[in-house]
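Below are the chains, spelled out letter by letter.
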There are 2 protein chains.
Amino acid sequence: MIKSISIGLLGLGTVGSGVVQIVERHQDKLIHQIGCPVEITKIVVKNLDKQRDIEIDPSKLTTDPNEVIENPNIDIVVEVMGGIEDTRNYVVKALQNKKHVVTANKDLMALYGAELLQIASENGCDLFFEASVAGGIPIIRSLVDGLASDRITKMMGIVNGTTNYILTKMSQEGRPYGEVLKEAQELGYAESDPTADVEGLDAARKMAILATLGFSMQIDLDDVKVSGISSITEEDLDYSKRLGYTMKLIGIADREEDKVEVSVQPTLLPNNHPLATVNDVYNAVYVCGEAVGETMFYGPGAGRFPTATSIVSDLVEVMKNMLLGVNGSKYVAPQFKKSLKSDEEILSKYFLRIHVQDRPGAFAAITSLFSSYNVSFEKILQLPLKTKGVAEIVIITHHANKQAYNEIMEKLNTLEVVRGVKSSYRVEGEEVL
Amino acid sequence: MIKSISIGLLGLGTVGSGVVQIVERHQDKLIHQIGCPVEITKIVVKNLDKQRDIEIDPSKLTTDPNEVIENPNIDIVVEVMGGIEDTRNYVVKALQNKKHVVTANKDLMALYGAELLQIASENGCDLFFEASVAGGIPIIRSLVDGLASDRITKMMGIVNGTTNYILTKMSQEGRPYGEVLKEAQELGYAESDPTADVEGLDAARKMAILATLGFSMQIDLDDVKVSGISSITEEDLDYSKRLGYTMKLIGIADREEDKVEVSVQPTLLPNNHPLATVNDVYNAVYVCGEAVGETMFYGPGAGRFPTATSIVSDLVEVMKNMLLGVNGSKYVAPQFKKSLKSDEEILSKYFLRIHVQDRPGAFAAITSLFSSYNVSFEKILQLPLKTKGVAEIVIITHHANKQAYNEIMEKLNTLEVVRGVKSSYRVEGEEVL
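Residues numbered from 1 in each chain as written. Chains lettered and ligands numbered in written order. Predicted model: local features only at pLDDT ≥ 70, side-chain atom pairs only at ≥ 80, totals over all residues. Heavy atoms only, no water.

Draft legend 1. The side chain of Thr246 of chain A, seen in detail. Mapping Thr246 of chain A onto the fold places it in strand S9 (residues 245-256). Polar contacts involving the side chain of Thr246 of chain A include one to the side chain of Asn271 of chain A, which spans 2.6 Å. (Helix = DSSP H or I, 4+ residues; strand = E, 2+ residues; numbered from the N terminus. Polar contact = N/O pair within 3.5 Å; in protein donor to acceptor, adjacent residues only side chain to side chain.)

Quick look at the structure:
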């Protein structure tokens, strides 16, 4: 019988401190569920003398990762230090030393998840990572356990709080990107270098993790096509609204037959889509299964306590497995070989805003280009511009394949009547009329 | 090593047929996850000769429940026959015969859940019931595993699709209750005797199950205060809208310190509340945890395939446990003794519509009654009525305790100026201004 469980922390930042607090506060509940006490016995930090907002027995702190990953008294390693290469080495070593690992590190899991899960399995260890996607939302459990019997066909996620905050503010308050980004930085919702968030890379990592699990197919970060929100203008948001849409940075993972597409891009959703009302820093993952139909999981995507909650829930599962002696049994290797859709196989509607010469025949020239690719229009809005002789046309197309659409985009710019393609976005979801 | 797993079905109605279809269709996925084939070998039906919309080997059908529950070759019993007393006896016998049980039966679990879980645990058996609440939404898993480490403080659920359909249509189309109910019956969304749905009993059963799990405290059906939707009028919905609210039948499970309240009633939610946009037959459960904050789980609440998916996901877990030899280990007895809030401890805002004499001092008389209980108003709307000399007043109060509110209601009816209290509803959620 196990008398108590000892946890080592790699990292004591925002999330790590949250883990310490939750393990302390909820000790009774943990003991009730698991049957034995749980203690955080060692914590690796960069700086021993740093002021912290939680009380920690100084003897627990160390700057040497080996005091956790090589420590024979530690059962479980919680990795909340971030980073990739060094961190990967620590996690590998911990697993090889038969320590279970719980991590919140999406970068690590998106890049090395397959390898690390394999090593964990070989060593009879659990490697859980619920907190790596959508902070407090138990989305990984829901995909892996809750929908275990279904065939998931599509996932759409708002999985980056920073960009959702920025787009919500831009849209609701009609303010420009740069100004809202600055505000988000001041509020701590965006980092001083916001690239990974605003260019969609953070969301791409999460979508690679979700697609790998949801489709049981190893999807690498390189497989995810990404574009970010930094070039979205107030005009785009204004037209979206007028046409009944909400703009969100959406991660899409779509499967038809045995082929998949995974991408992240600014996307227009009909206002009545469940994801359209997910605002501010909230995250949500919309999941379609062949049998279950539409489901959605909504909650905080980041933050000390939501993320720490996911970590400690993972810890509970590891500890229950320890007491049953079944660690490492949860891992299921991908069932399918990777098979990605070609551009011809990616079907979607598009929003398009272009400036054309305001003269007879201009619109006909555009229509005929689209017709030649068999792409028709669902909605059209044409307005004169202040600039004399120029009109602004906004189009929502019917479904087009991506290859055809890309060719249309190229040719549009060569048409004499076209002054410029100002913006173009994907449109998802069917409007209920 | 287990070579194959044999399942017996009690019942082959809509959901049972869905289970048969999913187990057949997803056999590859099941084998990949579990490591051995899964077969439904025996199915108990009422009528052997009934026409069915799925093909079944007639030799698998029987009218004798003992061929499943006493059958030494059957590992797992799936109970999808409904009913309470007989069904309870079958489930008890199956568990005593060391068969694991998966059920979709909310009536059974709300009434006998504690007893059955205890028997399952004593016999080293799993008893899972994900499908009993909110059909395709993996809400029980999310509460038990996903939020295992958190302290849940509040759950609000739209857990009955029939009433949500009726309220959605009444609200969107301005039609009366009776007409929409009839339509729902014709569409198969409501039963010919709709009492259990429209009077809130079905929702109450589900809330008893959720509260028991979420608060780790045995909540019985009798502990749930219930009122239904049958007396909601078009006027109520019209006023709700004008004041910025949406009316839903909401199951509330609320915990403060160690005391809880569980109830089901028509409730006004601010339009921007995540539950306010859950329409038609969809269900959703909104969960607040001390650490995680606000989360919401959305999806189909009923239907053949959504419900069958939850059942087969439970089956997957039972089968994985069988192969690991850890069945019966998931059960955790309630951590806390039941402690219910008194009416004085239940705080809420209220919507109130009253008819008063249209003369000086009428409103003052009402205000002074509320003031004497220290209850103030958040919003007031007064309109003259067609009936001469009568005015209609709609009030949203600030928070009041239920005891005081009930006393106010009684006294209101005795005030000379009051012609009648037309309706009164609970109001939940804070408006974001």
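Draft legend 2. Examining the sheet that holds strand S4 (residues 76-79) of chain B more closely. Residues and elements named next belong to chain B. On the basis of which strands lie adjacent, the open sheet formed by six strands has the order S3-S2-S1-S4-S5-S6 and parallel pairing. Single-partner strands in this sheet number two, and they are strand S3 (61-62) and strand S6 (127-128). Where strand S1 (residues 5-10) lies against S4, four bridges are found, and the strand directions are parallel. From the neighbouring strand, Leu10 faces S4, where its bridge partner is Glu79. (Pairing = 2+ DSSP bridges.)

Draft legend 3. Quick peek at the pairing of strand S13 (residues 347-357) of chain A. Residues and elements named next belong to chain A. In terms of residue burial, S13 counts as a mostly covered element, since ten of its eleven residues are buried. Across two bridges, the pairing between S13 and strand S16 (residues 400-401) is antiparallel. Bridge assignment links Ser348 to a residue of S16, and that residue is Ala400. The sheet contact formed by S13 and strand S17 (residues 418-427) spans eight bridges and is antiparallel. Bridge pairing links His355 to Gly420 in S17. Where S13 and strand S15 (residues 390-397) come together, seven bridges link them in antiparallel fashion. Paired with Ile354 across the bridge in S15 is Ile393. (Buried < 20%, exposed > 50% of the residue type's maximum accessible area, 1.4 Å probe, protein only.)

Draft legend 4. Spatial organisation of the environment of Met170 of chain B. Residue and element names in this part refer to chain B. By secondary structure assignment, the location of Met170 is in helix H7 (residues 161-173). C-alpha separation for the pair Met170 and Leu181, spaced eleven residues apart in sequence, amounts to 9.5 Å. Discounting residues that sit within four places of it in the chain, Met170 has contacts with Arg175, Pro176, Tyr177, Val180, Ile232, Thr233 and Leu237. (Contact = heavy atoms within 4.5 Å.)

Draft legend 5. Highlighting the side chain of Lys99 of chain A. All names here are of chain A. Relative to the helices and strands, Lys99 resides in the loop between helix H4 (85-96) and strand S5 (100-103). Asp75 is the oppositely charged side chain nearest to the buried, salt-bridge-free Lys99, at an N-O distance of 6.9 Å. Setting aside residues no more than four positions away along its own chain, Lys99 makes contact with Val68, Ile69, Glu70, Asn71, Pro72, Ile74, Asp75, Val77, Ala94 and Cys125. (Lys, Arg positive; Asp, Glu negative; His and termini not counted. Salt bridge = Lys/Arg side-chain N within 4 Å of Asp/Glu carboxyl O.)

Draft legend 6. Main features of helix H8 (residues 177-186) of chain A. All names here are of chain A. Along H8, the positions that sit buried rather than exposed are Tyr177, Val180, Leu181 and Ala184. Buried residues of H8, seen end-on, are gathered within an arc of 105 degrees and therefore sit on one face of the element. Among the exposed residues of H8, those pointing more than 90 degrees away from its buried face are Lys182 and Glu186. Looking at the buried positions of H8, the neighbouring elements they touch are helix H7 (161-173) and helix H9 (195-198). (Arc of directions from axis to C-beta.)

Draft legend 7. Seen up close, unusual backbone geometry. Residues and elements named next belong to chain A. Backbone geometry places Asn374, a non-glycine residue, at a positive phi of 65 degrees. Looking at where Asn374 falls in the secondary structure, it is placed in the loop between helix H13 (362-372) and strand S14 (377-384). Given the relative accessible area of 72%, Asn374 is considered exposed.

Draft legend 8. How the structure looks around the relation of the copies chain B and chain A. The operation relating chain B to chain A is a screw motion whose rotation component is 180 degrees, with 0.0 Å of axial translation and a residual RMSD of 0.0 Å. Classification of the inter-copy transformation places it as that of a two-fold axis. If distances are taken from each C-alpha of chain B to the rotation axis, the shortest is found for Phe297 of chain B, at 2.4 Å. Mapped onto chain A, 100% of the interface residues of chain B are again interface residues, and the two copies thus contact each other with one and the same surface. (Least-squares fit on C-alpha atoms with pLDDT ≥ 70 in both.)

Draft legend 9. Looking closely at the sheet that holds strand S2 (residues 38-44) of chain A. All names here are of chain A. With parallel pairing, six strands are arranged side by side in an open sheet as S3-S2-S1-S4-S5-S6. Edge strands, defined here as strands with exactly one partner in the open sheet, are strand S3 (61-62) and strand S6 (127-128). The sheet contact formed by S5 and S6 spans two bridges and is parallel. Bridged to Val101 within S6 is Leu127. In the packing of helix H1 (residues 14-25) onto the sheet, the strands contacted are strand S1 (5-10) and S2, and the crossing angle to S2 comes to about 160 degrees. (Axes fitted to C-alpha atoms, helices over the stretch in contact; angles between N-to-C directions.)

Draft legend 10. Here's a closer look at the packing of helix H6 (residues 139-146) of chain A against helix H10 (residues 201-215) of chain A. Residues and elements named next belong to chain A. Between H6 and H10, the least distance of the axes is 9 Å, while the angle of their chain directions is 15 degrees. On the basis of the axis angle, H6 is roughly parallel to H10. Relative to H10, the crossing made by H6 is left-handed. Across the interface between the two elements, Ile139, Ile140, Leu143 and Val144 from H6 touch Ile209, Leu210, Leu213 and Gly214 from H10. (Parallel < 35°, antiparallel > 145°, perpendicular 65-115°, else oblique. Left-handed = near helix turned anticlockwise from the far one by under 90°.)

Draft legend 11. Seen up close, the interface of chain B and chain A. Taken residue by residue, the interface counts 45 residues in chain B and 45 residues in chain A. Interface of chain B and chain A: buried area, both sides summed, is about 4,100 Å²; carbon and sulfur atoms make up 57% of it. For chain B, the biggest contributors to the area lost against chain A are His32, Ser149 and Tyr298 of chain B; these three give 15% of the whole. On inspection of chain B and its partner chain A, the count reaches zero salt bridges. Across the chain B-chain A interface, the total number found is 22 residue pairs in polar contact (both at pLDDT 80 or more). Of all elements in the fold, only helix H2 (27-34), helix H6 (139-146), strand S12 (293-300) and helix H12 (304-324) of chain B reach the threshold of two or more residues within the side of chain B that touches chain A. Considering only residue class, the side of chain B that touches chain A consists of 22 nonpolar, 15 polar and eight charged. (Buried area = accessible area lost by both parts, 1.4 Å probe. Nonpolar A, V, L, I, M, F, W, Y, C, P; charged D, E, K, R; others polar.)

Draft legend 12. Structural context of the UniProt feature "binding site: NADPH" (unreviewed entry) in chain A. Here the UniProt feature "binding site: NADPH" (unreviewed entry) sits at Lys106 of chain A. Relative to the assigned elements, Lys106 of chain A resides in helix H5 (residues 106-122). (UniProt positions renumbered as here; feature names shortened; annotations may be inferred.)

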